Amino acid sequence: MRTAGRAPSAALSATVGPQAGGGGVPLSLADCIFFCKNKMAYSISAQNFVALSDLHPNLARPSIIGVIIGKTDAKGFPDRRNIGSERFTFSFTIRDSPTYFINVHSWGREEYIRSLSESFRVGDCVTIENPLVQTKETEKEEKFNPPTPSCYKLLLSENHSVVKICSRYEAGTQLLSLLHLPVKDRQDFYSLGDIVANGQSLDGRIINVLAAVKFVGEPKYFITSDKRKGQRCEVKLYDETEMSFPMICWDNESIQLAQSWMPRDTVIFASDVRINFDKFRNCMTATVISKTIITTNPDTPEANNMFSFVKETAELGLLDDEIEDQSKESINLQSIVDIYTVEQVKTKAVQNQGKPEPIYGIIYAYLSTLNIDNNASKIIRNRCSRCRYVVNETSNIYHTGTLYSCNLSDSIAEETLDCTVQEFLTLTEGQKTALKWHLLLERSKIYFKGFLSPSSRTGLRVNLLSCKLADPVEASQNFSGKGKKLHCMSF
């Protein structure tokens, strides 16, 4: 089985640091030169700190500095020494160089553990004074924790260890830049398309994923059967091979990290996510687990290519129209009864800012622009029938307003134009223009779905669910009392 996204490369590379647990990070020659050039910057800002690569159990009262690249929630377990009580624990991963990072664990009273856990987040820079350096049992340690290049792990004691947050100024750009370096080989990842193609053969596997963030859902909270509080957040990912792929977060730390991502403007490298087949939805999913480390906006050539793809899809509006989601969405038009003017839609959108729910309604409006007599390549998109990915081929009237960039897609476009894609391709330019003017500046009854879209020039994106010429009597009745101003929609 091949590892998708892993392209052959002739570039000279090296691996720096011990390879215990297979956690070493291969570096290119350029990476090695960069690290050597900047080693002085690290040593200057860390004069009183021990490098993670130099830690060993015989050190007396070591102090370290680094950035937090992974973290788990605080959890309680029955205390076997004190029946009926609980001990609490949480862990995190700290990094101080491109090639070195280590896991840190803390056990203790609930008050201490929760207070310490809540004092910093992924992305913070911290110093740790007097941790206990302990040799790790690799197989046991890395079953539930991120694999690291270190032979050791660190233990924090409530009575002897101290963790402090550093300001970004104190941390320096060199340390902060480590937040954008994946902890795995930058080419060792699956594309989303290959995960889907491999299907259930990957069920239960732990793999790496490089993808863009399409959508971040609202956290959902619940109570488990044993009366514990739980949470869940679903993130939709996409790449050049798959336009929508779910990733599930179950812990507060990953959910808070996900809430910081800007959809359609963020790329992530997720190392050690678990892939499962969701029988209920009949699809593959990724799940963030305790081993997972997510690098936000990684600074790698592969991620830069992904950013270029994200920019291209944004410019073409391939995600704004949500064709792939809309095609799966069954909407009963009879359930849509609210009637709006264009001005009211815009006002409603502003009022709904920050809310994920779209606006559904009806507008009696004139079509002011319909570009169907443009070049066919600008109107018709060829999509793979399996994955839905786009395949590229070599007057004086007072308005209440105009809704720009409204989208007609798939079967709705065919219904509105009263012709199929194949029939449309056979039309002459004159026939297309005649078809356009059959619809332009005629009062239409339009069912719509509106939602906020930061990438749109107006901040509002509108998908049409149905567009037909309006019955004059019905339109007149619904506009009584609203004046005789014109409402326009532009495509």
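The present account deals with the structure reproduced in this document. As the structure is a computational prediction, the values presented were derived from the model and not from experiment.

### Thoughts on the pattern of salt bridges
- All chains considered together, the criterion is met by 17 salt bridges.
- Among the salt bridges present, the one from arginine 109 reaches glutamate 111, with a minimum N-O distance of 3.2 Å.
- Overall, the relative accessible area of 53% leaves glutamate 111 in the exposed class.
- Here arginine 186 ties to glutamate 302 by a salt bridge, and the two come within 3.2 Å at their closest N and O atoms. Taken together, the residues span a long stretch of sequence, with arginine 186 in the loop between α4 (168-177) and α5 (192-198) and glutamate 302 in helix α7 (residues 301-316) at a distance of 116 residues.
- The partly exposed category is assigned to arginine 186, whose relative accessible area is 28%.
- Overall, the relative accessible area of 14% leaves glutamate 302 in the buried class.

### Let's talk about helix α2 (residues 110-117)
- If you check which residues of α2 are buried, you get Tyr112, Ile113, Leu116 and Ser117. Axial view of α2: buried residues confined to an arc of 120°, hence all on one face.
- Taken together, the buried residues of α2 touch β3 (63-71), β5 (86-97), β6 (100-108), β9 (152-156), β10 (162-166) and α6 (252-259).

### A look at unusual backbone geometry
- Within the chain, lysine 227 stands out as a residue other than glycine whose phi angle is a positive 70°.
- Looking at the element boundaries, lysine 227 is found in the loop between β12 (220-223) and β13 (229-238).
- Classification of lysine 227 as exposed rests on a relative accessible area of 70%.
- The backbone of asparagine 282 shows a phi angle near 60°, a positive value even though the residue is not glycine.
- Its place among the elements puts asparagine 282 in the loop between β15 (267-278) and β16 (283-287).

Cut-offs applied
Residues numbered from 1 in each chain as written. Predicted model: local features only at pLDDT ≥ 70, side-chain atom pairs only at ≥ 80, totals over all residues. Heavy atoms only, no water. Salt bridge = Lys/Arg side-chain N within 4 Å of Asp/Glu carboxyl O. Buried < 20%, exposed > 50% of the residue type's maximum accessible area, 1.4 Å probe, protein only. Helix = DSSP H or I, 4+ residues; strand = E, 2+ residues; numbered from the N terminus. Arc of directions from axis to C-beta. Contact = heavy atoms within 4.5 Å.

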